[in-house]
Amino acid sequence: MPLQVSNYSWQQTSTAVFISVPLRGVSVRDADVFCTENYLKVNSPPFLFEVFLYAPIDDESSRAKIGNNIIVFTLHKKEAAMWETLSLSGVDKEMMQRIREKSILQAQERAKEAMEAKAVARREDQKYTLGVMMKIEEEERKKIEDMKENERIKATKELEAWKECQRKAEELKIIQREEKLYHQEKQMKEERKKLKHKCLTGNSASKNLATKGTVINSFWERRNSENIFFEKLKEDSIPAPRSVGSIKISFTPRVFPTALRESQVAEEEEWLHKQAEARRAMNTDIPELCDLKEEEKNPEWLKDKGNKLFATENYLAAINAYNLAIRLNNKIPLLYLNRAACHLKLKNLHKAIEDSSKALEILIPPVADNANARMKAYIRRGTAFCQLELYVEGLQDYEAALKIDPSNKIVQNDAEKIRNIIQGTELESK
């Protein structure tokens, strides 16, 4: 049976009541304080203190301070007045039970209202976050559409300019060809006049006939040469067919910065094969993704979007972007690694440990190409362990990170701090 505490003291002003209750060995962890408008109870086994207050108090603004084997209550009155006594007089057991039950019901109602208010606030936060994310996505989409439109307009202008240049070049060629034909025709007419003049000034008929035959022959020769010239001009206007050729392509072999005596070619090839499989693995048949655009179904695009949101300290929206990218492709280690960083910022320490561990599972085999990512995963998991006061596990992760990069001064200093904390804890426990 609990021991009733009766050796308490109290003082009052017109607006507040101060109660001092001595409890031997009382601590914040063991004391159970329950306070409503008309009822105050402290349960710290084996001690029990309860009082049925003389008048209502404002329990939300009232406070209790525990320390040095004593509890001090500061109760604010709802109405400014001096009390005759601290507790009601003439209260029987039945009335006490009614006051207790009423106080419990009031506390339950208040807890329910607080829970509903918290749920409403959480929904409002989610709604606001979704609105901000949709606004950012709309701005990104509009920016991409504007870039596409600008590129289309630019390409159209360049094509029109090229067509105009081609048209002017064709017109210039036609003009030059017509001028050349005109000069040739003019020259032929002048030669005909000269021949005709020679024929009329001849002295003898034979000479005239001979001259005439010569003129006729020369005329037909010029006519044939003219026809040959036109054929040649026609052939020159048609471009020659293109020559056949072949293009040789040579690929540079991938070379890792690893000494031959420490070669990890097999592990590196396995890592490259895993990365190629991860890029090919896409879960685009998820029903919720049918309304998204093609770029929004790309895990790399979502990863970059999450990185931008992380840079603006919008960690919840960044987590949403990484979540969608992981649903599309759960083989990319950087998605888990970046989401772990967001959880660290939001103090979701167990989730940060889980994501860092998942990233380390995917970052196998350990090669030089993924050394930086493995070091980040160890550091983030070690940080989460230390914030959970699991310093031994955190030190193990920091030492694993130092094996990857032994010259990192920041990691060395953090590991030394963790060792000092562990040694100090051991000394205190001794």
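A brief structural summary. Worth saying up front: this structure is predicted, and the values here are computed from it rather than measured.

Running from amino to carboxyl end, helix α4 (residues 299-311) crosses helix α5 (residues 315-328) at an angle of 165°, the nearest separation of the two axes being 8 Å. By the angle between their directions, the pair α4 and α5 is classed as roughly antiparallel. Considering only the axes of α4 and α5, their crossing is left-handed. Together, Pro 299, Leu 302, Lys 303, Gly 306, Asn 307, Leu 309 and Phe 310 of α4 and Tyr 315, Ala 317, Ala 318, Ala 321, Tyr 322, Leu 324, Ala 325 and Leu 328 of α5 make up the contact between the two elements. A breakdown of the residues in the contact of α4 with α5 according to their chemical character gives 12 nonpolar, two polar and one charged.

With that out of the way, let us pick up the packing of helix α7 (residues 349-362) against helix α8 (residues 371-387). Look at α7 against α8: their axes get within 9 Å of each other, and the N-to-C directions meet at 155°. Taken together, the axes of α7 and α8 lie roughly antiparallel to each other. α7 and α8 meet at a crossing whose hand is left-handed. Where α7 approaches α8, its residues Leu 349, Ala 352, Ile 353, Ser 356, Ser 357 and Leu 360 are matched on the opposing element by Arg 374, Ala 377, Tyr 378, Arg 380, Arg 381, Ala 384, Phe 385 and Gln 387. For the contact of α7 with α8, the class distribution of residues is eight nonpolar, three polar and three charged.

Here we come to the packing of aromatic side chains. Going through the model one piece at a time under the given rule, you end up with five aromatic pairs. Ring geometry for Tyr 8 against Phe 49: centres 5.1 Å apart, planes inclined by 65°, an arrangement best described as edge-to-face. Here Phe 49 lies in strand β6 (residues 47-52) and Tyr 8 lies in the loop between β1 (3-4) and β2 (9-12), a separation of 41 residues in the sequence. Residues Tyr 39 and Phe 52 carry aromatic rings whose centres are separated by 5.2 Å and whose planes lie at 40° to one another, so their mutual orientation is tilted. Residue Tyr 39 is found in strand β5 (residues 39-44), and its partner Phe 52 is found in strand β6; the two are separated by 13 residues along the sequence. For the pair shown, Tyr 39 and Phe 52 are each scored as buried. Chaining the aromatic ring pairs together yields one cluster made of Phe 34, Tyr 39 and Phe 52.

On to α7. Look at α7: 20 Å from first C-alpha to last across 14 residues, which is about the 20 Å you get at 1.5 Å a residue. Within α7 the residues assigned to the buried category are Leu 349, Ala 352, Ile 353, Asp 355, Ser 356, Ser 357, Ala 359, Leu 360 and Ile 362.

Scanning the model with the defined rule gives 13 salt bridges in all. Measuring nitrogen to oxygen at the nearest pair gives 2.5 Å for the salt bridge that ties Lys 78 to Glu 37. In this pair, Lys 78 is assigned in the loop between β8 (70-77) and α1 (93-200) and Glu 37 in the loop between β4 (32-35) and β5, connecting sequence segments 41 residues apart. Glu 37 sits in the partly exposed class, given a relative accessible area of 22%. Counted as one network, the salt bridges with shared partners bring together Glu 164, Arg 167 and Glu 171.

Once that is clear, we can look at the side chain of Glu 140. Relative to the elements of secondary structure, Glu 140 occurs in helix α1. Buried charge Glu 140 goes without a salt bridge, the closest partner of opposite sign being Lys 308 at 4.2 Å. What Glu 140 contacts, discounting residues up to four positions off in sequence, is Lys 305 and Lys 308.

Next up on the list: a nonpolar patch on the surface. Together, Tyr 54, Leu 88 and Met 95 give the surface a local cluster of nonpolar side chains, amounting to about 220 Å² of exposed area. Mapped onto the elements of the fold, Leu 88 is located in the loop between β8 and α1.

Relative to the assigned elements, Asp 59 resides in strand β7 (residues 57-67). Exposure remark for Asp 59: the relative accessible area of 14% places this residue in the buried category.

The strands making up a sheet associate through backbone hydrogen bonding, with each pair oriented either parallel or antiparallel. Pairing in this open sheet of four strands is mixed, and the strands run β1-β6-β5-β4 from one edge to the other. Whereas interior strands pair on both sides, the edge strands pair on one side only; in this sheet they are β1 and β4. Note that β4 and β5 share four bridges and pair antiparallel. Within β5, the residue paired with Phe 34 across the bridge is Lys 41.

Cut-offs applied
Residues numbered from 1 in each chain as written. Predicted model: local features only at pLDDT ≥ 70, side-chain atom pairs only at ≥ 80, totals over all residues. Heavy atoms only, no water. Axes fitted to C-alpha atoms, helices over the stretch in contact; angles between N-to-C directions. Helix = DSSP H or I, 4+ residues; strand = E, 2+ residues; numbered from the N terminus. Parallel < 35°, antiparallel > 145°, perpendicular 65-115°, else oblique. Left-handed = near helix turned anticlockwise from the far one by under 90°. Contact = heavy atoms within 4.5 Å. Nonpolar A, V, L, I, M, F, W, Y, C, P; charged D, E, K, R; others polar. Phe/Tyr/Trp six-rings, centres within 6.5 Å; stacked < 30°, edge-to-face > 60°. Buried < 20%, exposed > 50% of the residue type's maximum accessible area, 1.4 Å probe, protein only. Expected span 1.5 Å × (residues − 1). Salt bridge = Lys/Arg side-chain N within 4 Å of Asp/Glu carboxyl O. Lys, Arg positive; Asp, Glu negative; His and termini not counted. Patch = residues over 30% accessible without salt bridge, like charges linked within 9 Å, V, L, I, M, F, W, Y side chains within 5 Å. Areas by Shrake-Rupley, 256 points an atom, 1.4 Å probe, with all protein chains shown as cover. Pairing = 2+ DSSP bridges.

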